[in-house]
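Letter by letter, the chains look like this.
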Amino acid sequence: QDIARVSNGASNSALDSDAIPAQLSVREGLLGQRIQDLESHGESVTIMCVGESGVGKSTLLSNIFTVPIVHSVPKPTVKIVETSVKFECDGIPITVHLIDTPGYGDGMDIRKSFSYVKDYLEAKFQQSLKRETQIERQDRHSLDTSLGVDAILYFFSPHRCKTVDLEFLKSIQGYATIIPILAKADTMTADELAEFRSTVIKKLKATGIKVFHSPFAIISSPYVVRSHQNSRGELIHGREYPWGTAESENELHSDLPALRRCLITEGLSELHEATRRYYERYRAMQLTRKNSLFARLRRAITGFVQTALVIFAIKEAPRIRGDILGGFGDYFDDDERGVSPTYIYDDVMQGRGASSKRTSILKWISR
């Protein structure tokens, strides 16, 4: 009764929390439903790696989720390669779509390589728009989690933040969330790494490029260090040097664990929300452009028809004039009524001696 009384009150009145029965655990109920939905459908994330050739894009994808990307030994990536990884974390099924791209140093035209990536990102949005406009659509969860690329890991080569890097990042803003990666962090000293990180942050800010997270300094390796094990007795990935071993999973050496948490747990919801915003913007732009095209097409067709009618009328004017004068000559001699079209129409419709010729001409004029 209390709830009914509050609901039937003024439309702008606030609902008193004391009016809700204490037994109704809204928070627990909603969280329980959310967990059930996650356990049933799981979560997914789409990650793309972009950068110069030889900076370790394929290796990083392999290290993040411990899965080989096409080849087990380092080889140049010559085309876009898509790989899916499925695993379970805390009872939640997770699907990760990994997209590896060719290094832009492998081609003669750098801008063509960047255009290749941008076209791929736009094609993902186009596929989502096509699925959404189908008569029989996928379920809501599939549509919401496959809109496009959730994160682009852009690799900066050690000590180098080039103008071409910044130009490319500006060109793909609005297509996916950008996360900068400082590749091969083990090739820089601690002071050099700190200075390089600061330089990248300043240049990104100066050019107006928005990123999801500050740059991650990554050490990745396709090789297992057999002389080292983690706390669980497992072999680890890393790189051995005469002065020591750089471990990929050691947060004192590499930001790889922090990057993994950012992509899977701490930042996943925000990544999905950003992808939804980018897709909605693309969708609105495409529909507006489509409607505008149809409007221009209609105006063009209307103008063409009108022009054709004018040309036809000019060309056929002598014949039409002769037909009209010949068919309605008796009306031009009628001094009482004159030549008003109303009288002509009335006579034809009421059958007062109208000839079939006059009737056919009136029908032609009305059409």
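Our structure is the block above this text.
As the structure is a computational prediction, the values presented were derived from the model and not from experiment. (Residues numbered from 1 in each chain as written. Predicted model: local features only at pLDDT ≥ 70, side-chain atom pairs only at ≥ 80, totals over all residues. Heavy atoms only, no water.)

What follows concerns the nonpolar core. In terms of nonpolar packing, the biggest core is built from 40 residues, with Met48, Phe156 and Leu169 touching the most fellow members. Looking at which element gives the most residues to this core, the answer is helix α4 (residues 110–132), with six residues. If we ignore the near neighbours within four places in the chain, the residues touching phenylalanine 156 are Cys161, Asp165, Leu169, Pro180, Ile181, Leu182, Ala183, Phe196, Val200 and Leu204. (Core = buried A, V, L, I, M, F, W, Y, C linked by side-chain atoms within 4.5 Å. Buried < 20%, exposed > 50% of the residue type's maximum accessible area, 1.4 Å probe, protein only. Helix = DSSP H or I, 4+ residues; strand = E, 2+ residues; numbered from the N terminus. Contact = heavy atoms within 4.5 Å.)

What follows covers the packing of aromatic side chains. Per the stated rule, a full pass over the model turns up five aromatic pairs. Relative to phenylalanine 156, the ring of tyrosine 154 lies with its centre 5.3 Å away and its plane at 75 degrees, an arrangement referred to as edge-to-face. Like phenylalanine 156, tyrosine 154 is buried. (Phe/Tyr/Trp six-rings, centres within 6.5 Å; stacked < 30°, edge-to-face > 60°.)

Let's shift gears to the pairing of strand β5 (residues 177–182). Where burial is concerned, most of β5 is hidden: six out of the six residues are buried. With burial as the criterion, each face of β5 is covered, one bearing Thr177, Ile179 and Ile181 and the other bearing Ile178, Pro180 and Leu182. Bridging between strand β4 (residues 151–156) and β5 involves six bridges; their strand directions are parallel. If you follow phenylalanine 156 over to β5, its bridge partner there is leucine 182. (Pairing = 2+ DSSP bridges.)

A word on the pattern of salt bridges. For the structure on display, the rule yields nine salt bridges. Of the charged contacts in the structure, one is a salt bridge between arginine 160 and glutamate 52, with a shortest N-O distance of 3.4 Å. You can see arginine 160 sitting in the loop between β4 and α6 (163–171) and its partner glutamate 52 sitting in the loop between β1 (43–51) and α3 (57–65), a full 108 residues away along the chain. On the accessibility criterion, glutamate 52 (16% relative accessible area) is buried. Between glutamate 251 and arginine 261 there is a salt bridge, with the nearest N and O atoms lying 3.1 Å from each other. (Salt bridge = Lys/Arg side-chain N within 4 Å of Asp/Glu carboxyl O.)

With that settled, the discussion passes to α4. Spanning 23 residues, α4 covers 34 Å between terminal C-alpha atoms, matching the ideal 33 Å at 1.5 Å per step. Among the residues of α4, those classed as buried are Ser113, Phe114, Val117, Tyr120, Leu121, Phe125, Ser128, Leu129, Arg131 and Glu132. (Expected span 1.5 Å × (residues − 1).)

What follows deals with a nonpolar patch on the surface. On the surface, Phe294, Leu297, Ile301, Phe304, Val305 and Leu309 cluster together to form a nonpolar patch covering roughly 610 Å² of accessible area. Here phenylalanine 294 shows up in helix α9 (residues 268–327). What makes phenylalanine 294 partly exposed here is its relative accessible area of 40%. (Patch = residues over 30% accessible without salt bridge, like charges linked within 9 Å, V, L, I, M, F, W, Y side chains within 5 Å. Areas by Shrake-Rupley, 256 points an atom, 1.4 Å probe, with all protein chains shown as cover.)

The next thing to look at is the pairing of strand β8 (residues 235–241). Two elements, β8 and strand β9 (residues 244–247), share four bridges in a ladder whose sense is antiparallel. The residue bridging glutamate 240 from the neighbouring strand is threonine 245, located in β9. Hairpin connection of β8 to β9: two residues between the antiparallel strands.

Before going further, it helps to examine helix α7 (residues 190–206). Here α7 is 17 residues long and its end C-alpha atoms lie 24 Å apart, about the 24 Å a rise of 1.5 Å per residue gives. Along α7, the residues classified as buried are Leu193, Phe196, Val200 and Leu204. Projection of α7 onto a plane perpendicular to its axis shows the buried side chains occupying an angular sector of 65 degrees, all on one side. Exposed and oriented more than 90 degrees from the buried face of α7 are Asp191, Glu195, Lys202, Lys205 and Ala206. After α7 finishes, the residue glycine 208 shows a positive phi value of roughly 75 degrees. (Arc of directions from axis to C-beta.)

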